[in-house]
Amino acid sequence: MLLQKTLPSFTGSLVLLVQHDVCKLKNHGRFGSDTKFSGDGYFRKHLKSGRRYFSKSRGPFVSCSLVPSTSELSDARVIYCVAPAMGHNQESHPESNFRVPAIVSALEKMELSPMFRGSEILELHSFSPASVEDIASVHTKAYVSGLEKSMDQASQKGIIYIDGSGPTYATATTFQESLLAAGAGITLVDSVVAASKSSQDPPMGFALIRPPGHHAIPKGPMGFCVFGNVAIAARYAQRVHGLKRVFIIDFDVHHGNGTNDAFYDDPDIFFLSTHQDGSYPGTGKIDEVGHGSGEGATLNLPLPGGSGDIAMRTVFDEVIVPSAQRFKPDIILVSAGYDGHVLDPLASLQFTTGTYYMLASNIKQLAKDLCGGRCVFFLEGGYNLSSLSYSVADSFRAFLGEPSLASEFDDPAILYEEPSTKVKQAIQKVKHLHSL
């Protein structure tokens, strides 16, 4: 097996660490031995600790966010939240509860956690779930209330299917854990915005959360996704912080159709997706550019299978940068899917760990240049635990301004020639369509 040949000690240790962390998370929760991943007690514990911040501008929106102190924010270079949704799991499903623990274990093993880095890496242990009203800023209230009611059925049956494409499942804890995932993103937005008020170089945020969100459409779940985490955070940033212009980058291998649909007629939220042409769910054609007043604020760039590091570097320089510069965002949010990796089982792009380091580093610089450094990443896909965890860890290194260690993981021998002609044609077409 490639991974065993490339990184025998890391891969073996990772499996053991993940198994240990999964057991620990199941038994104790990530936030202490008296924490549970469902029920009111869990959320009460979250609300007890930390400082509560309410915005007068929120009107009927009643959820709160727990933001670190000014001194903590000033020292941090990376802020992250962990919401692993341990109860939301189906055996043998690729979107499993092993994913986030694998990342956490890798961060610990590679000394990219607060334990080893002190104040420059800050994990937010205390954050509240999103309110139903937060969710309803993107999703219909009928969907939200219907999903909540279906938890009784999930509790009786153990698992139910709430969407046939994917398929998307739910357990008795899915509703509450999905609220928590969205809440983690909201808290990171609050924290990054707070830090940006006193620093020109605020910390980067990363929501290590599941279920993922970018396929969830306003009317329901789709493709492993329950609530649109990045879309909910975008509306929150507008409503609470007055950050009117939100630039969303989605580099998941699959098209973020849910985010696309949520803002298709909105000129103030620019959605840019790169994805594998012809992959699930079949949306995201190059001529899907927005509608009405939102025309031009949606950019879809389907890349041919086999596209890799060279393609993505070109896309960043020739498409992402000029689009963002022209849009002039107030904040950048990122749907960070790691399933474009050459080792991922669900697609056939040739991204490497080095590709994700480049994206993280360049997006950080883009945010610094255009919007005061305000930027939050949201975990989406990534189903090979080793390539997922190693690539997220290298993204952390990029945030810290440290050299990539991708060469310790990536094996150039398994890569093949990229379809450069087709890539160039796709890039030229999208540049012409959007006058870049």
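Residues numbered from 1 in each chain as written. Predicted model: local features only at pLDDT ≥ 70, side-chain atom pairs only at ≥ 80, totals over all residues. Heavy atoms only, no water.

Here's the deal with helix H5 (residues 99-109)
Test applied: Only protein chains enter the accessibility calculation, which uses a 1.4 Å probe. A residue is then buried if its area is under 20% of the maximum for its type, exposed if over 50%, and partly exposed in between. Working definition: helices are DSSP H or I runs of at least four residues, strands are E runs of at least two. Numbering for both runs from the N terminus.
Judged by how many residues are buried, H5 sits mostly within the fold: nine of 11 residues are covered. Among all positions in H5, only Arg99, Val100, Pro101, Ala102, Ile103, Val104, Ser105, Ala106 and Leu107 are buried. Following H5 by one or two positions, Glu111 has its phi on the positive side, about 55°.

Considering the packing of aromatic side chains
Just so we agree on the cut-off: Each aromatic pair joins two rings of Phe, Tyr and Trp (for Trp, the six-membered one) with centres within 6.5 Å, and gets the label stacked for planes under 30 degrees apart, edge-to-face for over 60, and tilted for any other angle.
Evaluation of the coordinates by the stated rule reveals 18 aromatic pairs. Taking the centre distance of 6.3 Å and the plane angle of 50° together, the rings of Phe206 and Phe399 count as tilted. Of the two residues, Phe206 is situated in strand S7 (residues 204-209) and Phe399 in helix H15 (residues 385-400); the sequence distance between them amounts to 193 residues. This pair shows no difference in class: Phe206 is buried, exactly as Phe399 is. Ring centres 5.9 Å apart and planes at 85° place the aromatic pair Phe224 and Tyr383 in the edge-to-face group.

Observations regarding the nonpolar core
Applied cut-off: To qualify as a nonpolar core, a set must consist of buried Ala, Val, Leu, Ile, Met, Phe, Trp, Tyr and Cys residues joined through side-chain atoms within 4.5 Å. Any two residues whose heavy atoms approach within 4.5 Å are treated as being in contact.
Residues Phe206, Phe251, Leu301, Ile332 and Phe377 are the most contacted members of the largest nonpolar core, which totals 66 residues. The greatest single-element share of this core, amounting to nine residues, is contributed by helix H13 (residues 309-327). Once residues within four sequence positions are removed from consideration, Phe377 is found in contact with Met204, Gly205, Phe206, Ala207, Phe251, Val334, Ala336, Tyr338, Ala360, Ile363 and Phe399. By size, the runner-up hydrophobic cluster in this structure holds 54 residues, among which are Leu73, Ala83, Ala130 and Phe175.

Concerning helix H16 (residues 420-433)
Cut-off, in case you're wondering: For a helix, the expected span equals 1.5 Å multiplied by the number of residues minus one. Throughout, the arc means that of the directions going from the helix axis to the C-beta atoms.
Spanning 14 residues, H16 covers 20 Å between terminal C-alpha atoms, matching the ideal 20 Å at 1.5 Å per step. By the burial criterion, the buried members of H16 are Val423, Ala426, Ile427, Val430 and Lys431. For H16, the angular spread of buried residues about the axis comes to 130°, placing them on one side. Of the exposed residues in H16, those oriented more than 90 degrees away from the buried face are Thr421, Lys422, Lys424, Gln425 and His432. Buried positions along H16 lie against strand S10 (298-303) and H13. Directly beyond the C-terminal end of H16, a positive phi value near 55° is found at Ser435.

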